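Each chain, letter by letter, is given below.
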Amino acid sequence: MKRSWIGFLASLALFGVAWAQRSDTIVIAQGVDVTVLDPNNQLETPTANVLANIFDTLYMRMPDGTARPWLATSVRAINPTTWEMTIRQGVKFHNGEDLTAETVKWNFDRVIDPQRPLRISNSWANLASVQVVNPTTLRFITKNPFPVFVTRLTGFYILPQKYVTEGGNRYLQEPVGTGPYKFVRWVRDQQFELEANPNYWAGAPKIRRAIFRPIPEASSRVAELVSGGVDIITNLVPEAVNAVRASGAAEVRSVPSIRNIFIMLNTSGKADSPLANPKVRLALNYAVDKRTIVKNVLGGFGQPIGCSLNSYIFGYDARSCQPYEYNPARAKQLLAEAGYPNGFTMTLGSPNGRYLNDRQVAEAVVGQLAQVGVRAELRVQEWSTYVGQILERRIPTDAVLLGWGNNEFDADNSLYSLFYGGTVRGGPRQVAFSYIRSVPLDNALLQAQRTTDPEQRKKLYLDALRVLRAESPWIFLHQQEDIYGVAKRVDWKPRPDERLFVAEMAFK
Amino acid sequence: MSLLSPHLPTLQMLTYLVRRLLLVLVVVWGTATLAFFLLFLSGDPVNLLLPLDATPEVREQFRKANGFDRPVWQQYLSYMGRALQGDLGISLRNQTPALGLVLERMPASMVLAGAALLFAVIFGVLAGVIAAVRKGTTLEFVVLFFALLGQSLPVFWLALMLILVFGLELRWLPISGYGAGPIPGLPALANLVLPAIAVGTFSMAAITRLTRGGVLRELRSDHVRTARAKGLSERVIIYKHALRNAAIPVVTVIGLQLGNLLSGAVITETIFAWPGVGRLVLTAVTQQDFPVVQAAVIVFAVLLAVINLVVDLLYGVLDPRVRYA
């Protein structure tokens, strides 16, 4: 009794101050820390999640997946290789600098400068030049038609030109943007503090202060949430869902993510491989019970899906993306028709810990394939080796489990990047992930890259999806869900793009 | 130098020191070389740093920009050349000097290791002496049982249990993080307690067993019998005659443990979100951030070599018969 009193008093003394501050401060825990403070020189979700509160983009991704004008007020295509943009007037950076068309041009020039490539430069390789028409209007000249121009604007942050060019390296230590929150302080691996920008052009945010904390261990994140130490935790594991629900202090909120999980079938250079036969590939799709996997392995956090797109993505077609039904009898019949009445032996690779319960998903697939006579041997590999083999097209197994998060919300990123087979004369080379070679597919994918007309692009992607449905090149599994633990006092709905915009949060 | 032991000639001591310091250099060079080639074997970091849909041309460009396209011996020579000037490269992830990232996190690791060591030594020596003096009693059995337990518990389990009991159930101590202590740069004391116990328990158990063994041996020795015959009090006999002589192996182990505590706190630092080097290295290894891993290896090699040297020098203080030649 006496000991617990001492403990209680000691914790009061130590944390009293911290508690007092908590009422106007939201604390968010992610698995890893911010790495760099230049938003256009990074490609990491946890870093972008923090910096997107300080910096604005020209277009904003909405929770339904569409892109809406933000620092730009409008963008229109003048011809297939010219876009005209108007800039919002009266916007100021946190240091008082004005946002002008000149600022925007400088930002793009910086990203496409071949002498000093940044991590996002790859996405803007198609941009030739940017011209300032008047203080609020710009023209973007592209090398080729650039249909994903607008969607890519949602990942392009605007930095203050003077501050960056005249302040030395200061912009890499104390970032200044136009966003709803201002940078206060960053102590690496400890915390990243933000405070509300009362003069934000879209209205002052409701929460005054925000702290991002990196807590790498999943169970420590849960413990912090349950004990009231933090308000939002990312990447909640299904195993911890009940603990959070039972705590009474927090709840589980999830959202279908932009990431699909599938099994790539490696058919390269093996004409006699059973996997080279479309009937066999279709049989494998019928043999896997996606619903059961989602229910038992992912705790229900996912949705079976029959293609590499999902409903957020431009070009998605519900019919062509319907999940393959679970029908082991039909699978056996197809295998027999293909000449494998007794099944066959194959190997399946899987990472461990890269995607939600990835290894366990692969184990479940192995078990289900065995039901139709396909004896798959599972080989779990460390991620960096695994991904290297896939990118260099030297996969040691017949199949590999992989996930794809389409953060462009455009089919180009999930169809061209995954299936373009390089069959078009004079066209680009085959992409690393593609193992099928279909001229109609490649034509559709290339054409969709070369037109800016949305209706025509939709039609082309529909053609592509139909070819893929006929070929069943991979075993399509499910669309993941992102799972968050959120304190009950916080009013916030998770977004499919994983962003943590504090301006979208409020205390109840 | 004469402070260390009145019996030591200073010149002999100096040659010994110089020789040992040269050896430190060789050890550090060897470790750095080994780490360099092991990292090289672990694969190409470009695949992890760029998005999966980056084109082969972009990958190639990135490889070139970071020098990964050159033959391995060229990369090695240029690395060593720059390392000699104190430049251990730029972190691929954080895009800042790797050495700075490691040194920045050193204080947190040192504070944790120091606190863990303090915990281990105080409780370990105390428990060891008690077990030796109370040999054959239930108390000895209990102490030895916990010592065995302390050496067998996996650290991640212990850490999670500590969080569960003291952080979640009793809510006495914070669950994770460094906190802000009264002295800038140092953690809040409350934040330090659980990680220090988690890191220090293994060492504490080792020290308990060693101290018990040493004190038991000394208690049976001739000089203790003489001291008893002189009529000295039991307290003086145990602490001045037995414990001091039993301390030599204990100091050796403390030295070795300090290395473990500093470099081996990877799991504890991760579970408690402690901003130390262990956690940095873990992230760097999984991300193949070579320069950071390499910098950490070099810093630890220097540190461990120096700790070992200090331990060897300490022998002289404890046992005047030890000679440095």
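Residues numbered from 1 in each chain as written. Chains lettered and ligands numbered in written order. Predicted model: local features only at pLDDT ≥ 70, side-chain atom pairs only at ≥ 80, totals over all residues. Heavy atoms only, no water.

Student: What exactly am I supposed to notice about the overall build of chain B here?
Tutor: Of regular secondary structure, chain B possesses 13 helices and 0 strands. Reading chain B from its N end, one meets helices and strands in the order α-α-α-α-α-α-α-α-α-α-α-α-α. If you line up chain B on its principal axes, its C-alpha atoms span 85 × 60 × 35 Å. For chain B, buried positions account for 48% of its 325 residues. The contacts in chain B between residues at least 6 apart in sequence include a share of 71% that link residues at least 24 apart. Carbon and sulfur atoms make up 71% of the accessible area of chain B, which totals about 16000 Å². The positive charge centre, built from 25 side chains, and the negative charge centre, built from 16, are 14 Å apart in chain B. (Helix = DSSP H or I, 4+ residues; strand = E, 2+ residues; numbered from the N terminus. Buried < 20%, exposed > 50% of the residue type's maximum accessible area, 1.4 Å probe, protein only. Contact = heavy atoms within 4.5 Å. Areas by Shrake-Rupley, 256 points an atom, 1.4 Å probe, with all protein chains shown as cover. Lys, Arg positive; Asp, Glu negative; His and termini not counted. Charge placed at Lys NZ, Arg CZ, Asp CG, Glu CD.)

Student: Any chance you could explain the packing of aromatic side chains here in plain terms?
Tutor: Where two aromatic rings form a pair, the distance of their centres and the angle of their planes describe that pair. Applying the stated criterion across every chain, the model contains 34 aromatic pairs over all chains. Seen in terms of ring centroids, A:Tyr200 and A:Trp201 are 5.3 Å apart; in terms of plane orientation they differ by 50°. Their pairing is tilted. Classification of A:Trp201 as partly exposed rests on a relative accessible area of 24%. Between B:Phe37 and B:Tyr76 the ring centres are 5.1 Å apart and the planes differ by 35°, which places this aromatic pair in the tilted class. One end of the pair, B:Phe37, is in helix 1 (residues 10-41); the other, B:Tyr76, is in helix 4 (residues 72-84), and 39 residues separate them in sequence. (Phe/Tyr/Trp six-rings, centres within 6.5 Å; stacked < 30°, edge-to-face > 60°.)

Student: In this structure, what is going on with the state of the cysteines? I would like to understand it.
Tutor: Every disulfide links exactly two cysteines, by a covalent bond between their sulfur atoms. All names here are of chain A. Enumeration over the complete set of coordinates arrives at 1 disulfide over all chains. Linked covalently through their sulfurs, Cys 307 and Cys 321 form a disulfide whose S-S length is 2.1 Å. Since a negative S-S torsion denotes a left-handed disulfide, the Cys 307-Cys 321 link at about 90° is right-handed. Of this pair, Cys 307 sits in the loop between strand 13 (302-304) and helix 10 (328-337) while Cys 321 sits in the loop between strand 13 and helix 10, placing them 14 residues apart in sequence. Taking the relative accessible area as the measure of exposure, Cys 321 reaches 1% and is therefore buried. (Disulfide = S-S within 2.5 Å.)

Student: Which parts of the structure should I look at to understand the confidence of the model for chain B?
Tutor: Fine structural detail should not be taken from predicted coordinates in areas where pLDDT scores are low. All names here are of chain B. Scored by pLDDT, chain B has a mean of 85; 95% of the residues are at 70 or more. In this model, residues 1-5 is a region of pLDDT below 50 whose contacts with residues beyond four sequence positions or in other chains number 8 contacts. Per the prediction output, this complex has pTM 0.88; the corresponding ipTM is 0.83. (pLDDT = per-residue confidence, 0-100.)

Student: Sorry, what's going on with unusual backbone geometry here?
Tutor: Trans is the common state for peptide bonds, and a negative phi is the common state for residues other than glycine. Residues and elements named next belong to chain A. Notably, Asp 189 is not glycine yet its phi reads approximately 65°, a positive angle. You can see Asp 189 is positioned in the loop between strand 8 (181-187) and strand 9 (191-196). A positive phi is found at Asn 235, a non-glycine position, where the angle reads about 50°. Relative to the helices and strands, Asn 235 is located in the loop between strand 11 (232-233) and helix 7 (241-247).

Student: Is there a simple way to explain the packing of helix 1 of chain B against helix 13 (residues 290-318) of chain B in this structure?
Tutor: The relative placement of two packed helices comes down to the angle between their axes together with the axis-to-axis distance. All names here are of chain B. Taken N-terminus to C-terminus, the directions of helix 1 and helix 13 make an angle of 155°; their axes are 9 Å apart at the nearest point. As far as their axial angle goes, helix 13 and helix 1 are roughly antiparallel. In this structure, helix 1 crosses over helix 13, and the sense of that crossing is right-handed. Seen from helix 1, the contacting residues are Met 13, Tyr 16, Leu 17, Arg 20, Leu 21, Val 24, Val 28, Thr 31, Ala 32, Ala 35, Phe 36 and Leu 39; seen from helix 13, they are Phe 290, Val 293, Gln 294, Val 297, Ile 298, Ala 301, Val 302, Ala 305, Asn 308, Leu 309, Asp 312 and Leu 313. Counted by class, the contact of helix 1 with helix 13 contains 19 nonpolar, 3 polar and 2 charged residues. (Axes fitted to C-alpha atoms, helices over the stretch in contact; angles between N-to-C directions. Parallel < 35°, antiparallel > 145°, perpendicular 65-115°, else oblique. Left-handed = near helix turned anticlockwise from the far one by under 90°. Nonpolar A, V, L, I, M, F, W, Y, C, P; charged D, E, K, R; others polar.)

Student: Looking at this structure, how should I read the pairing of strand 1 (residues 25-30) of chain A?
Tutor: Residues and elements named next belong to chain A. Buried residues dominate strand 1, accounting for 6 of its 6 residues. Of the two faces of strand 1, the one carrying Thr 25, Val 27 and Ala 29 and the one carrying Ile 26, Ile 28 and Gln 30 are both buried. Two elements, strand 1 and strand 10 (residues 209-214), share 6 bridges in a ladder whose sense is parallel. What sits directly across from Gln 30, in strand 10, is Pro 214. As paired elements, strand 1 and strand 11 share 2 bridges and run parallel to each other. The residue of strand 11 that forms the bridge with Ala 29 is Ile 233. (Pairing = 2+ DSSP bridges.)

Student: Explain the domain arrangement of chain A to me, please; I cannot follow it from the model alone.
Tutor: Residues and elements named next belong to chain A. Considered domain by domain, chain A is made up of domain 1 (25-31 + 170-255 + 483-507), domain 2 (56-114 + 124-167) and domain 3 (257-481). Between domain 1 and domain 3, the C-alpha centre-to-centre distance is 34 Å. At the interface, 10 residues of domain 1 touch 11 residues of domain 3. For the pair domain 1 and domain 3, the summed buried area comes to about 850 Å², and 65% of that belongs to carbon and sulfur atoms. Looking at the side of domain 1 facing domain 3, the largest losses of area belong to Pro 238, Val 255 and Pro 496, adding up to 50% of the total buried there. (Domains from an automatic or database assignment. Buried area = accessible area lost by both parts, 1.4 Å probe.)

Student: Would you mind showing me how to read the environment of A:Val75 here?
Tutor: Residue and element names in this part refer to chain A. Relative to the elements of secondary structure, Val 75 occurs in strand 4 (residues 72-79). Separated by 220 residues in sequence, Val 75 and Lys 295 have C-alpha atoms that sit 43 Å apart. Among residues more than four places away in sequence, those in contact with Val 75 are Tyr 59, Trp 83, Glu 84, Met 85, Phe 149, Val 150 and Leu 153.

Student: Help me out: how do you make sense of the interface of chain B and chain A in this one?
Tutor: Counting residues at the interface gives 43 residues for chain B, matched by 42 residues for chain A. Between chain B and chain A, roughly 3500 Å² of surface is buried when both sides are summed, and carbon and sulfur atoms account for 55% of that area. Counting the surface chain B buries against chain A, the share from its top three residues, B:Leu52, B:Arg93 and B:Trp172, is 19%. Connecting chain B to chain A are 4 salt bridges. Linking chain B to chain A there are 12 residue pairs in polar contact (both at pLDDT 80 or more). Sorting the residues of the side of chain B that touches chain A by element identifies helix 2 (46-49), helix 3 (56-65), helix 5 (98-133), helix 7 (155-169), helix 8 (189-219) and helix 11 (266-271) of chain B as the ones contributing at least two each. Among the elements that line the side of chain B that touches chain A, the one with the most residues is helix 3 of chain B, at 7 residues. (Salt bridge = Lys/Arg side-chain N within 4 Å of Asp/Glu carboxyl O. Polar contact = N/O pair within 3.5 Å; in protein donor to acceptor, adjacent residues only side chain to side chain.)

Student: Teacher, can you tell me more about the nonpolar core here?
Tutor: Membership of the largest hydrophobic core comes to 183 residues, with the highest contact counts inside it found for A:Leu58 and A:Phe192. In terms of residue count, the dominant contributor to this core is strand 12 (residues 250-265) of chain A (9 residues). Those residues in contact with A:Phe192, other than ones at most four positions away along the chain, are A:Val34, A:Leu37, A:Val50, A:Leu51, A:Ile54, A:Phe183, A:Arg185, A:Trp186, A:Ala210, A:Ile211 and A:Phe212. Judged by nonpolar contacts, the second largest core, of 51 residues, contains B:Phe36, B:Leu39, B:Leu117 and B:Ala296. (Core = buried A, V, L, I, M, F, W, Y, C linked by side-chain atoms within 4.5 Å.)

Student: Would you mind showing me how to read the side chain of A:Asn41 here?
Tutor: Considering the arrangement of structural elements, one finds A:Asn41 in the loop between strand 1 and helix 2 (45-51). In this structure, A:Asn41 is in contact with A:Val36, A:Leu118, A:Arg119 and B:Gln95, ignoring residues within four places of it in sequence.

Student: Please explain the sheet that holds strand 6 (residues 127-134) of chain A as it appears in this structure.
Tutor: Pairing between sheet strands relies on hydrogen bonds along the backbone, with the strands arranged either parallel or antiparallel. All names here are of chain A. The strand order 4-5-7-6 describes an open sheet built from 4 strands, whose pairing is antiparallel. The sheet is open, and its two edges are formed by strand 4 and strand 6, each paired on a single side. Averaged over all pairs of adjacent strands, the angle between their axes in this sheet comes to 20°, without regard to strand direction. Pairing analysis gives 6 bridges linking strand 4 to strand 5 (residues 82-87), with the strands arranged antiparallel. Counted as the bridge partner of Arg 76 is Glu 84 from strand 5.

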